Amino acid sequence: MNWDRIEGNWKQLKGRVREQWGKLTDDQFDNIAGKRDRLAGSLQESYGIAQDEAEKQIKNFEEQCDRNRWIQ
């Protein structure tokens, strides 16, 4: 999946992202605003993980979006 599609449907997917990464705050969600690099940074900060692990988790989320057809 192309991240542009996720970014374009951010409001629709925000709940799914919240389910996936429950430690993210409302302020972080507002700051992320669908931007992949901001999500990665917030994951690193909130979960204490390295950049490559954050990217891996985001990639898995993208694949989950495809499998579950959360975005048409």
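Residues numbered from 1 in each chain as written. Predicted model: local features only at pLDDT ≥ 70, side-chain atom pairs only at ≥ 80, totals over all residues. Heavy atoms only, no water.

A separate point is the overall build of the protein. Within the protein one finds five helices and zero strands. Ordered by position from N to C terminus, the α and β elements of the protein give α-α-α-α-α. Computed over the C-alpha atoms, the radius of gyration of the protein is 11 Å, within 12% of the 11 Å expected from 2.2 N^0.38 for a compact globule of 72 residues. Dimensions of the protein along its principal axes, counting C-alpha atoms only, are 30 × 25 × 20 Å. Across the 72 residues in the protein, those meeting the buried criterion constitute 31%. When the accessible surface of the protein is summed, it comes to about 4,500 Å², and 39% of that surface belongs to carbon and sulfur atoms. Taken together, the 13 basic and 14 acidic charged side chains of the protein have centroids lying 5 Å from each other. (Helix = DSSP H or I, 4+ residues; strand = E, 2+ residues; numbered from the N terminus. Rg over C-alpha atoms; globule rule 2.2 N^0.38 Å. Buried < 20%, exposed > 50% of the residue type's maximum accessible area, 1.4 Å probe, protein only. Areas by Shrake-Rupley, 256 points an atom, 1.4 Å probe, with all protein chains shown as cover. Lys, Arg positive; Asp, Glu negative; His and termini not counted. Charge placed at Lys NZ, Arg CZ, Asp CG, Glu CD.)

With that settled, consider the packing of aromatic side chains. For any two aromatic rings, the description comes down to two numbers: the centre-to-centre distance and the angle of the planes. By the definition in use, this model includes three aromatic pairs. Here W10 and F29 contribute two aromatic rings whose centre-to-centre distance is 6.2 Å and whose plane-to-plane angle is 35 degrees, an arrangement assigned as tilted. Taken together, the positions of W10 in helix α2 (residues 10–20) and F29 in helix α3 (residues 26–32) put the pair 19 residues apart, joining distant regions of the chain. Like W10, the residue F29 is buried in the burial classification. The interplanar angle of 45 degrees and the centroid separation of 6.1 Å between the aromatic rings of F61 and W70 together place this pair among those described as tilted. Considered together, F61 and W70 belong to a single accessibility category, that of buried residues. A connected cluster of aromatic rings, assembled from ring pairs, spans W21, F61 and W70. The cationic tip of R18 hangs over the ring face of F29; the distance from NZ or CZ to the ring centre is 4.2 Å. (Phe/Tyr/Trp six-rings, centres within 6.5 Å; stacked < 30°, edge-to-face > 60°. Lys NZ or Arg CZ within 6 Å of the ring centre and 35° of its normal.)

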